[in-house]
Amino acid sequence: MVNKFLFGMMMWLMGFNVSGQVSISGKVTDQQSKPLVNAAVHLLNTQQNAFTDAAGFFSMHGVAKGKYTIEISATNHATILSTIDVDGNNASFNFQLHNSLVQLEAVTVTAEKKEESLQNIPTAITALSSGRVEQLRLWNIKDITAIVPNVYSGNSGDERNVTSIRGITTTSYDPAVATYVDGVNQFSLDTYIPQLSDIERIEILRGPQGTLYGRNAMGGVINIITKQPANHTSGFVELNFGDYNMQRYSAGIRTPLVNDKLFFGASMVYNKRNGYYNNQFNNRSFDRQSALTGNYYLKWLAAAKWAITANLKHQNDNNNGAFPMVNGVDDALKDPFQVNQNAVAKMIDNSLNASLSVHHTGAYFDFSSQLAWQNNHRYYDAPLDGDFSPVDAVTIINDYGKQWNNVKVLTHELKFNSAASKSSRLSWAAGTYFFHQYNPVKQATHFGKDAGLLGVPATDFSTINITKGNNTGIAVYGQINYELLKKLGLIAGMRYDYENKELEVTGEYQPDGQGAMVTTPDTAAAAHFQAVSPKLGLQYQLNDHHNVYASYSRGFRTGGLTQLSSDPSQPPLYPYQPEYSNNVEVGFKNNLFADRFHLNVSGFYTIVNNAQLPTLVLPEAITVTRNTGELTSKGAELEVLVKPVKGFQAEYSLGYTDAQYKSLKVSQNGQSVNLDGKRQIFTPEVTSMLGLQYSWLLSTRHSLQLIARGEWYYLGTQYFDLANTIRQSPFHLLNARVGLSSSHFEVFCWARNLTNTKHIEYAYDFGAVHLGNPRTIGVTLKALF
């Protein structure tokens, strides 16, 4: 009796409530009531998926009774989301889809750790669907600059993007904007993969997301979701050719291996190009690049409510000139894309990400478990120029074998959610997060025969810095959404993070041709940090088309220990504390004119306390961080997406950010310098993007369209150093794309930066400048099946 009772309780908890399960069916048609074949049908937050047959019919079995949101999508038709009530056996529903030329698609996002409609989420979020990712020709995550209001992203040529959202910016290897790819936190700038391919959607959450995402999400979150395999075979092959001998080849396939049980998916990208920069020292192309990126899935539906997914991602980069930089803004802009460096090395950058996910959908709650492993080994195959000049003064060496400069990260997240069937006014999410990072670094700074030109008293020697970092943390979190009244909802959440960092440092001195001598004996230190990240908000739904919200949230960026450097004023193992942001946000979301017009506006005010400020110690290029100052950031955002007439689409995003330090004291040349009132770095005052696209339907039978698209970007004044001496004036960029698209092929010509505008993309505070990409023109050929 006891055993039967326990078994029954276990089945109840795990959702095996067979008596409450029913079958549902339905039909999907177009505007002319003709059946749509192979339309995809999905019940949000469940494993229930189906495709329509030749008559447009679909069916699902083993569905628990309750209220669901169902998603219907089909090629060349606008995706819709609809609420259905499953309250009896053999429930049947009919759906009609409109052509994507006349209606905007509904977008599903997972920003709050569950699937829901973009327009219903009470936070500022931009979601780029797979279609818009192709329209915008997004190949690297930094390309979202200005497409998303108040977002800027760029790098120094090494493909490690620094991203700023609303004036909260990444200034070290602990980012202020968290990036997730298929649910896995890309733990640091070392381990994330910026290349984009076979994308389902990209979600950009603006403002602190500490409650659900924790450490390093104080600026926001970039959530990238790739396309998953399903019960339907599909794939593509794409070829791209452009200026600077640019070649990009990509392919992907998704197919069932065993119908309704086992699925496989894979995509790969190989890209290469000559350098944008010329090296005057040897008159050769400087920053030549090539990379191979892969993403592989195996998904098993072990039972009706169980899904197990194994995923492997990798990116293997070869960058022949990772830092194409010039000392001084004037020189960089006067003679653009010219460097003069005597020490040329290839940066070899290999990243591997693997994860195993288990997801269960129950009648009473859902849970998921995701275990992930990340690994990055980055090194230079020869001494790398550290003075960005033709003299033999400073070079950087870090090729000491696989045991060094090889970051390893283990993460695990266990998540619980209220059941997908909405039978209660309360919905909730709760979970735990664990991580461990091991980061062994060995890097030498070599001072050559010309080191005296930089004021170094000796020549022909190296200083070697050795660090071993162990970083372990755990977090627990929870968030509820409660319907106070029919149209009024409450959002409340809390997260607790604990982190322990340990760092060992050793310093060595090595004259050329001699053995190394220890200058700083093996020394170790540890520090631990805690953070509580609350969230509180109200959401009022005026009707099905208008949604108003207001919220308070807190975010934090983790603390740490300083590295070893040759600068005696920067002692190693000095702890710096986490920085915290407090953010108030209001927003208004609108869906108008029968899904033809989306209008979203938001405003925010953020205060950052205990701000972490980095100091780049030269010539080792080591960042030392201190807590000093207070930053305030306030601004507003506007997003418009409209299809006023058949075939015409207009999109506009506008962001304004006023981010400045109310208090800022830094140390320069042994003296304290007051920088109160200075503007935040990597933060354009204004971001703006206008996109116009027209599609002419040439053949209904083959869905053949002629598409022309233009984009105008505007970025306002921004600074790249805390003293605000490295300044980029406002500038414009123009992109264009024109070609043919059908159900089975695409041919497009495209141009980026049509006017060949010279502008700073990235700069170090000591004055080294890297320019944004020059004008590039190319062609895309794509086959779909």
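None of the values given here were measured: they were computed from a predicted structure.

**Q** Give a detailed account of the sheet that holds strand β5 (residues 66-73), specifying residues and quantitative values.
**A** The strand order across the open sheet built from four strands is β3-β2-β5-β6, with neighbouring strands paired in antiparallel fashion. With partners counted over all chains shown, the strands left at the sheet margins are β3 (49-51) and β6 (80-86), one partner each. With direction set aside, neighbouring strand axes in the sheet form an average angle of 25°.

**Q** I'd like a rundown of the confidence of the model for the protein chain, residues and numbers included.
**A** Mean pLDDT over the protein chain: 91, with 94% of residues reaching 70 or higher. Mean pLDDT across the secondary structure elements of the protein chain bottoms out at helix α1 (residues 2-13), with 46, and peaks at strand β51 (residues 731-741), with 98. Contacts of residues 4-18 to residues separated by more than four positions or lying in other chains number 15 contacts, the stretch itself having pLDDT below 50.

**Q** Could you give an account of the packing of aromatic side chains, with specific residues and numbers?
**A** The geometry of an aromatic ring pair comes down to the distance between the two centres and the angle between the two planes. One pass over the full model with this rule turns up 23 aromatic pairs. Ring centres 5.2 Å apart and planes at 70° place the aromatic pair Y277 and F337 in the edge-to-face group. Here F337 lies in the loop between α4 (329-334) and β26 (338-339) and Y277 lies in the loop between β20 (262-273) and β21 (278-279), a separation of 60 residues in the sequence. For the pair Y277 and F337, a shared accessibility class is recorded, and that class is buried. Each ring, one from F648 and one from Y694, has its centre 6.5 Å from the other, and the planes form 35°; the classification is tilted. Within this pair, whereas F648 is found in strand β44 (residues 648-663), its partner Y694 is found in strand β47 (residues 686-699), the two being separated by 46 residues in sequence. Relative accessible area serves as the criterion here: at 25%, F648 is assigned to the partly exposed category.

**Q** Describe in detail the sheet that holds strand β12 (residues 162-165), supporting the description with residues and values.
**A** Taken in spatial order, the three strands line up as β11-β12-β13 in an open sheet, and their pairing is antiparallel. The sheet is open, and its two edges are formed by β11 (151-154) and β13 (168-169), each paired on a single side. Pairing of β11 with β12, which is carried by four bridges, proceeds in the antiparallel orientation. Residue pairing for β12: G154 is matched across the bridge by V162.

**Q** Quick one: what's the story with the environment of L698, residue by residue and with numbers?
**A** Of note, L698 is situated in strand β47. Those residues in contact with L698 that sit more than four places away from it in its chain are L704, Q705, L706 and L740.

**Q** So, the pattern of salt bridges: which residues are in play, and what are the values?
**A** Tallying each qualifying case throughout the model produces 26 salt bridges. Across the salt bridge formed by E238 and K782, the nearest N and O atoms sit 3.8 Å from each other. One end of the pair, E238, is in strand β18 (residues 234-242); the other, K782, is in strand β55 (residues 776-784), and 544 residues separate them in sequence. When sorted by exposure, E238 lands in the same class as K782, which is buried. R709 is the salt-bridge partner of E711, the closest N and O atoms lying 2.7 Å from each other. Owing to a relative accessible area of 5%, R709 belongs among the buried residues under this scheme. The network of salt bridges with shared partners includes R166, R206, E585, E637 and E639.

**Q** Break down the side chain of E651 for me, citing the residues and quoting the values.
**A** When you line up the elements, E651 lands in strand β44. A relative accessible area of 2% means that E651 is categorised as buried. One polar contact links E651 to R132, side chain to side chain, over a distance of 2.5 Å. Within the structure, the side chain of E651 is placed 3.0 Å from the side chain of R709, a separation counted as a polar contact.

Definitions and cut-offs
- Residues numbered from 1 in each chain as written.
- Predicted model: local features only at pLDDT ≥ 70, side-chain atom pairs only at ≥ 80, totals over all residues.
- Heavy atoms only, no water.
- Pairing = 2+ DSSP bridges.
- Helix = DSSP H or I, 4+ residues; strand = E, 2+ residues; numbered from the N terminus.
- Axes fitted to C-alpha atoms, helices over the stretch in contact; angles between N-to-C directions.
- pLDDT = per-residue confidence, 0-100.
- Contact = heavy atoms within 4.5 Å.
- Phe/Tyr/Trp six-rings, centres within 6.5 Å; stacked < 30°, edge-to-face > 60°.
- Buried < 20%, exposed > 50% of the residue type's maximum accessible area, 1.4 Å probe, protein only.
- Salt bridge = Lys/Arg side-chain N within 4 Å of Asp/Glu carboxyl O.
- Polar contact = N/O pair within 3.5 Å; in protein donor to acceptor, adjacent residues only side chain to side chain.

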